[in-house]
Amino acid sequence: SERLWQEGTLGDRAAVLRQVRRRDADRARQWLEEVWSQEKADHRIDLLEALTAGLSQADESFLEDALADRSKRVRTLAAELLAKIGGSALAERMRARADVMLDYEPPAPRGRLAAAVSAAIGGTDDVGKLAITPPAQCEKEWQRDGIEPKPPQGVGERAYWMSQVVALVRPSHWVNRFSAPPGRLIAAATADDFAFTLIDAWSVAALRFDDASWVEALWDFWYEWQPKRKRGTQSQFPQRTF
């Protein structure tokens, strides 16, 4: 393993790093730390992906340093890995930023009689109100954490910044914070002008963090709403498949 790591091709080295990572996570990270400054940017991104398995708090310091890498792709991947480490400083920073952007007002409680009358006349359940306030600027600290300030053509800056932050927050955070299930929060968001931006970011987060309850609720939303999406509305992220 050590010989392949020192002398092999990039593919050999990445493969052996993954194998060692599964057996001894700390040793694999130490190997990468020792050669990190000598590797080309393309090599760093391939080797950094080997740390995906077995992520833990022990990797946080190295990944925090990688946020200052000169390669945008390395910085982005480092941020994604840090977001997956429960309790990491970056995960907490992203949650704090995202919390300022979203506020939820639950539906007012109704008595049994009012609920029965509403159902009898074809009324729908009140899902509450979710207010969305995208950030006014992309701070330097945000950029260090992997948030790209320049949006792709046709995408608004504020929407782009918000989508990147929300996509790095575990979806379960919103269920815990607002004491509401995913389906209700998604429905509540649809009344806002930034609804598709937010729900698109939630979709990325649901896949990134493998949250089955959110994936199911988002599947239902996109199945129903995709045909109604405003013509010309551009997703902030590449097309994905649930």
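Quick note: structure is the one above.
The model shown is predicted, which means the values in this text are computed figures rather than measured ones. (Residues numbered from 1 in each chain as written. Predicted model: local features only at pLDDT ≥ 70, side-chain atom pairs only at ≥ 80, totals over all residues. Heavy atoms only, no water.)

Caption draft 1: Structural view of the overall build of the protein chain. Summing up its helical and strand segments, the protein chain has 14 helices and 2 strands in all. Going through the 242 residues of the protein chain one by one, you find that 43% of them count as buried. When contacts within the protein chain are restricted to residue pairs at least 6 apart in sequence, long-range pairs at least 24 apart make up 68% of them. Total accessible area computed for the protein chain in this model is approximately 13,400 Å², and 48% of it derives from carbon and sulfur atoms. (Helix = DSSP H or I, 4+ residues; strand = E, 2+ residues; numbered from the N terminus. Buried < 20%, exposed > 50% of the residue type's maximum accessible area, 1.4 Å probe, protein only. Contact = heavy atoms within 4.5 Å. Areas by Shrake-Rupley, 256 points an atom, 1.4 Å probe, with all protein chains shown as cover.)

Caption draft 2: Region of interest: the side chain of aspartate 211. With respect to the secondary-structure elements, aspartate 211 resides in the loop between helix 13 (195–208) and helix 14 (212–225). Buried within the structure, aspartate 211 lacks any salt-bridge partner; arginine 170 is the closest side chain of opposite charge, at an N-O distance of 7.1 Å. (Lys, Arg positive; Asp, Glu negative; His and termini not counted. Salt bridge = Lys/Arg side-chain N within 4 Å of Asp/Glu carboxyl O.)

Caption draft 3: The nonpolar core, seen in detail. Leu48, Leu130 and Trp202 are the most contacted members of the largest nonpolar core, which has 66 residues in total. Residues contacting leucine 130, with those up to four places away along its chain left out, are Leu102, Asp103, Tyr104, Leu185, Ala188, Ala189, Asp192, Leu198 and Trp202. (Core = buried A, V, L, I, M, F, W, Y, C linked by side-chain atoms within 4.5 Å.)

Caption draft 4: Highlighting the environment of leucine 32. Within the secondary structure, leucine 32 sits in helix 3 (residues 25–35). For the pair leucine 32 and leucine 48, spaced 16 residues apart in sequence, the C-alpha to C-alpha distance is 8.0 Å. Excluding residues that lie within four positions of it along the chain, leucine 32 makes contacts with Trp5, Leu17, Leu47, Leu48, Leu51 and Phe62.

Caption draft 5: Spotlight on the packing of aromatic side chains. With the rule as written, the count across this model stands at 8 aromatic pairs. Plain terms: the ring middles of tryptophan 36 and phenylalanine 62 are 5.2 Å apart, the flat faces sit at 80 degrees to each other, and that makes the pair edge-to-face. With tryptophan 36 in the loop between helix 3 and helix 4 (41–48) and phenylalanine 62 in helix 5 (residues 60–66), the pair connects residues that are 26 residues apart, well separated along the chain. Exposure remark for phenylalanine 62: the relative accessible area of 7% places this residue in the buried category. Between phenylalanine 221 and tryptophan 222, the aromatic rings sit 4.9 Å apart at their centres with planes inclined by 70 degrees, giving edge-to-face as the arrangement. Pair check on accessibility: phenylalanine 221 and tryptophan 222 agree, each one buried. Through pairs of rings, three or more aromatic residues link up here, namely Tyr104, Trp174 and Phe178. (Phe/Tyr/Trp six-rings, centres within 6.5 Å; stacked < 30°, edge-to-face > 60°.)

Caption draft 6: Broad picture of helix 10 (residues 157–166). Across the 10 residues that make up helix 10, a large majority, 8, are buried. Three or more residues of helix 10 are buried, namely Ala159, Tyr160, Trp161, Met162, Ser163, Gln164, Val165 and Val166. Packing partners of the buried residues in helix 10 comprise helix 7 (89–101), strand 2 (129–132), helix 9 (140–144) and helix 13.

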